[in-house]
Structures are given as C-alpha cells and as structure tokens.
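Secondary and tertiary structure notes
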Amino acid sequence: MPMTPPLLTDELDLLAQLLPAPGPRIIELGCGAARMARQMLQRWPGLDYLGLEVDAIQHQRNLQAPAPGMRFEAAGAQAIPCPDGAFDLALMLKSLHHVPLDAMDQALAETARVLRPGGHLYVSEPVYDGALNEVVRLYNDEGTVRAAAQAALDRALAAPGSPWVETAQRRFDMPVHFQDFAEFERRMMRPTFADHHITPEILERVAAAFAPHCTAQGAHFVRPMLVRLLQRAG
C-alpha cells in the first residue's frame, strides 16, 4: 500500500532538508507575497533574493515592504530579465501551473538559462486531489493546468540535450485553515491575480460545498503537494 504523505506545517523544513545550504543567489518566479522567501532570509542571513511577479497589485505591495536582501521586479518566468548563470537556486511555489500553457516550456528554458551549472530549481505544485480541491474546482477547475505543469517538467527532463537532472521528488500534505466562508471567499475566490467571474449562483454553490467542512474552530483541510527538485547540469 502507498505510504500516507507526511503532514508539513512549514514547507521551508522540506526545502532545508533537500538543500541544507541554499543560495546565496535566489530567484523566485511568480513570488506572490514571497512569504517563504522572507522566512528563508531569516533562517539563512545573507541571501540575495529576487522575486518576479506578473500581478501588478501584488508587485506594488511587495515594493512597499521589502526585507533586507530582497528585490522585486515585474516580470514573468517566460522572459526573465537577468543574465545567464545569475542564480544558484530558482523557486516556483505553486506558480508553474499559472504560467500560460504555451509558455511553460519557454519558462523552464529561461530558468535553466539564468541558473549557474549545478544550480537547482525547486518546484512545488498542488496535486489535483482532496476535499479542498473539490470545493475550489466548482469555480476554478485547475485539472488541466496542473497536469500541464507536470508534463512540462517531464518534457524538459526528457528533451535531447536537456540541461536538467531530477534529483528528488517529495509528496506531502499541507494543512489549510479558514476561519469561515468569508475568509475562504476573500483568499481563494477573489485573488488579485485572477478574476474567477464569481456570480451569485456560483457563490451559493461553493458556499454549500464548503459548509459541511465548517466547525466551531473553522474549516480545516489538507492540500496535497508534490515537490520536484531539478538540477542544472554542468
């Protein structure tokens, strides 16, 4: 029987297990609020971090609150505004499936370009499964894009003369908590980076699917995740 994935409350512990001394030059592609990067700079002082983000609203927020050692630029993974070999580690945290389908291969090629030989790409992607996914797919079905993200990684590894070698895969479950449906709606249904076209009918349907998961302590879910660690060949 397959083993149950471990429950991780802090993904940074997994990254530290796979890469005990990351960096020092790090780029994150689709950084969002760069929460894990901020934790990384606290754990490993002296890192030099660049976060790229295409969401203009989130990018402006990032510019208002950079920690020491952090820089941010408005750019996508398919056109990285950096020279060859500029980084030791690239992060894609729940972001590869947000890259346009016809740009995923280019994004991975660009990532290889800006990594030094021996540098790593840490890709963490949600698995299309679980109770939370069943609620989310009622308004935002990501089955196609999540499968496409994994397929793009497979193609990058299998391509003739590929610059990539896969050095690790890890599955884990991440706990996700919402105080109530209002918090779920704000965080999950109305992000700044996407318009999910939420109609009153959709909102009612999603609320009904969410309701059975509510307790006096809020709604508790686990999000299944898959990490793939690639290394840039020398």
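These numbers come from a predicted model, not from an experiment.

Following the criterion strictly, the structure yields zero disulfides and no others. The thiol of Cys-82 is unpaired, and the distance to the nearest cysteine sulfur, on Cys-31, comes to 12 Å.

Before going further, it helps to spend a moment on the environment of Pro-5. Positionally, Pro-5 belongs in the segment before helix H1 (11–18). The contacts of Pro-5, once residues within four sequence positions are left out, are Arg-171, Phe-172 and Asp-173.

Now for the packing of aromatic side chains. In this structure the tally under the stated criterion is nine aromatic pairs. Arranged with centres 6.0 Å apart and planes meeting at 70°, the rings of Tyr-49 and Phe-72 form a pair that is edge-to-face. Here Tyr-49, found in strand S2 (residues 48–53), pairs with Phe-72, found in strand S3 (residues 70–74); they are 23 residues apart in sequence, far enough to count as distant. Neither residue differs from the other here; Tyr-49 and Phe-72 are each classed as buried. Put simply, the rings of Tyr-139, Phe-178, Phe-181, Phe-184, Phe-210 and Phe-221 touch in pairs and so form one group of aromatic residues.

Turning next to the pattern of salt bridges. Enumeration over the complete set of coordinates arrives at 13 salt bridges. Here Arg-43 ties to Asp-13 by a salt bridge, and the two come within 3.0 Å at their closest N and O atoms. Pair noted here: Arg-43 is in helix H2 (residues 35–43) and Asp-13 is in helix H1, with a separation of 30 residues, a long-range link. The exposure class of Arg-43 is partly exposed, given its relative accessible area of 37%. With relative accessibility at 41%, the residue Asp-13 sits in the partly exposed group. Among the ionic pairs, Arg-228 bridges to Glu-166, the shortest N-O distance being 2.6 Å. Of this pair, Arg-228 sits in strand S8 (residues 218–232) while Glu-166 sits in strand S6 (residues 164–178), and the two are 62 residues apart along the sequence. Arg-228 sits in the buried class, given a relative accessible area of 5%. Through salt bridges with shared partners, one network takes in Arg-25, Asp-88 and Arg-116.

Each value, and the rule that gives it
- Residues numbered from 1 in each chain as written.
- Predicted model: local features only at pLDDT ≥ 70, side-chain atom pairs only at ≥ 80, totals over all residues.
- Heavy atoms only, no water.
- Disulfide = S-S within 2.5 Å.
- Helix = DSSP H or I, 4+ residues; strand = E, 2+ residues; numbered from the N terminus.
- Contact = heavy atoms within 4.5 Å.
- Phe/Tyr/Trp six-rings, centres within 6.5 Å; stacked < 30°, edge-to-face > 60°.
- Buried < 20%, exposed > 50% of the residue type's maximum accessible area, 1.4 Å probe, protein only.
- Salt bridge = Lys/Arg side-chain N within 4 Å of Asp/Glu carboxyl O.

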